[in-house]
Amino acid sequence: MIKFFRKIRQKLLTEHKFSKYLLYAIGEIVLVVIGILIALQINNWNNYNLDRISEKDYLTRISNDLIADTLNFSWTIKSLKNKHESLGSLLELINKEQLITEDSTTVLRYLMSGTNLSIAHPGIANGTFEELKNTGAMKYFRSTVLRSALNDYYFKSEHRNERIEKRRTGSNYSLNINSIIPGMERIDGELGYRNDLVSYKDILERINGFDFKKNIISEYNSATFMLRMQEAGLDDSNALLNLVMDELKNN
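This write-up is about the structure you can find in this document. (Residues numbered from 1 in each chain as written. Predicted model: local features only at pLDDT ≥ 70, side-chain atom pairs only at ≥ 80, totals over all residues. Heavy atoms only, no water.)

Helix and strand counts for the chain stand at 8 helices and 2 strands. Mapped in sequence order, the helices and strands of the chain form the string α-α-α-α-α-α-β-β-α-α. Within the chain, the proportion of its 251 residues that are buried is 36%. Long-range pairs, those at least 24 residues apart, make up 81% of the contacts in the chain with a sequence separation of at least 6. A total accessible area of about 15,400 Å² is found for the chain, and carbon and sulfur atoms account for 55% of it. (Helix = DSSP H or I, 4+ residues; strand = E, 2+ residues; numbered from the N terminus. Buried < 20%, exposed > 50% of the residue type's maximum accessible area, 1.4 Å probe, protein only. Contact = heavy atoms within 4.5 Å. Areas by Shrake-Rupley, 256 points an atom, 1.4 Å probe, with all protein chains shown as cover.)

Quick look at a nonpolar patch on the surface now. Residues Ile29, Val32, Val33, Ile36, Leu37 and Leu40 make up a contiguous nonpolar surface patch of about 550 Å² in total accessible area. Considering the arrangement of structural elements, one finds Leu37 in helix H2 (residues 18–95). In this structure Leu37 comes out as exposed when scored by relative accessible area, which is 52%. (Patch = residues over 30% accessible without salt bridge, like charges linked within 9 Å, V, L, I, M, F, W, Y side chains within 5 Å. Salt bridge = Lys/Arg side-chain N within 4 Å of Asp/Glu carboxyl O.)

Attention now moves to the environment of Ala137. Within the fold, Ala137 resides in the loop between helix H4 (127–135) and helix H5 (144–168). Ala137 gets classed as buried once you look at its relative accessible area, which sits at 4%. A sequence separation of 86 residues divides Ala137 from Asp51, and the C-alpha atoms of the two residues are 9.7 Å apart. Discounting chain neighbours no more than four positions away, the residues touching Ala137 are Tyr58 and Leu132.

Those residues of helix H6 (residues 173–180) that sit buried are Tyr173, Ser174, Ile177 and Ile180. Buried residues of H6, viewed axially, fall in a sector of 130°; they line one side. Seen from the buried face of H6, the exposed residues on the opposite side, beyond 90 degrees, are Leu175 and Asn178. (Arc of directions from axis to C-beta.)

This paragraph deals with the packing of helix H3 (residues 104–113) against helix H7 (residues 200–207). Here H3 crosses H7 at 50°, and the two axes come no closer than 12 Å. By the angle class used here, H3 and H7 are oblique. For the crossing formed where H3 meets H7, the hand is left-handed. Between H3 and H7, the residues in contact are Ser104, Val107 and Leu111 and Tyr200, Ile203, Leu204 and Ile207, respectively. (Axes fitted to C-alpha atoms, helices over the stretch in contact; angles between N-to-C directions. Parallel < 35°, antiparallel > 145°, perpendicular 65-115°, else oblique. Left-handed = near helix turned anticlockwise from the far one by under 90°.)

A few words now on the pattern of salt bridges. By the definition in use, this model includes 10 salt bridges. Ionic pairing is found between Arg61 and Asp57, a salt bridge with its closest N-O pair at 3.9 Å. In this pair, Arg61 and Asp57 both sit in helix H2, 4 residues apart, roughly one turn of the helix. Looking at Arg61, the relative accessible area reads 27%, which means it is partly exposed. Residues Asp236 and Arg160 are paired through a salt bridge, measuring 3.6 Å at the closest nitrogen-oxygen approach. Of the two residues, Asp236 is situated in helix H8 (residues 210–250) and Arg160 in helix H5; the sequence distance between them amounts to 76 residues. Salt bridges sharing common partners tie together Arg52, Glu55 and Arg142.

With 29 residues, the main nonpolar core has Leu66, Phe141, Leu150 and Tyr154 as its most contacted residues. For this core, the secondary structure elements donating two or more residues are H2, H4, H5 and H8. Examining the composition of this core, we find that 9 residues originate from one element, H8, more than from any other. Dropping the residues within four chain positions of it, Leu66 is found in contact with Tyr153, Tyr154, Ser237, Leu240, Leu241 and Val244. Judged by nonpolar contacts, the second largest core, of 24 residues, contains Leu111, Tyr173, Ile180 and Ile207. (Core = buried A, V, L, I, M, F, W, Y, C linked by side-chain atoms within 4.5 Å.)

Taken as a whole, H4 has its buried residues at Thr128, Phe129 and Leu132. Projected onto a plane normal to the axis of H4, the buried residues spread over an arc of 100° and lie on a single side. Away from the buried face of H4 by more than 90 degrees, exposed residues Asn134 and Thr135 are located. Taken from the residues just after H4, Gly136 is the one with a positive phi, measuring 75°.

What follows concerns unusual backbone geometry. For Glu97, which is not glycine, the phi torsion reads 55° and is therefore positive. With respect to the secondary-structure elements, Glu97 resides in the loop between H2 and H3. Take Glu97: its relative accessible area is 71%, and that puts it in the exposed class. The residue Leu117 is not glycine, and still its phi comes out positive at about 55°. Mapping Leu117 onto the fold places it in the loop between H3 and H4.

Nothing here speaks to function; it is all geometry.
Set out below in structure tokens:
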């Protein structure tokens, strides 16, 4: 084909048909330009499709992380509500001097429930976001609103966890419970403890003490704060999940 076009050019030049040769040369250039533009368009189309595949993959992964977050927040809130109510009821019994008249199983349950999330609480699933941030893959998301919402959610979550950990630092409620009630555990659904090491009367005297009452109040206030933080986290995760799901539908 190339030789064919060369022969045409040579024939036009040898016959001194320069104007026709010029038109022919321009036609060749136009064809080359059109070919390049078509190739670029095909390449752009392929890149666009690949970007959309990547966008959908990351949206799906982010949605899975957020579903895990909402489940963790819901579980944490339920556990914290139980902790909060138990410590509040325990304080009420102590203040009204009604510990001795309350059923021992109920008192032990309040004490045990008060240890919920005293040591640690579940964090958020941020693996996909860290990958997006560290690899520059955030560019695949066409929605600037979504990109902003993602950055805001994970920044607020990190800040919230830092506040919770700072608030909980120094809490020794669980350690005190273990020392006051040695060997306390659930056996066949019922709470039990090493009554050969401590009597129930001794337990009541210890939790009636001024220092332990301060410890209960501190843990109760901590539970109030943590509950508020986790409820805010649940609202944030649900809002972002709805936004991500909308993007997935439009992808």
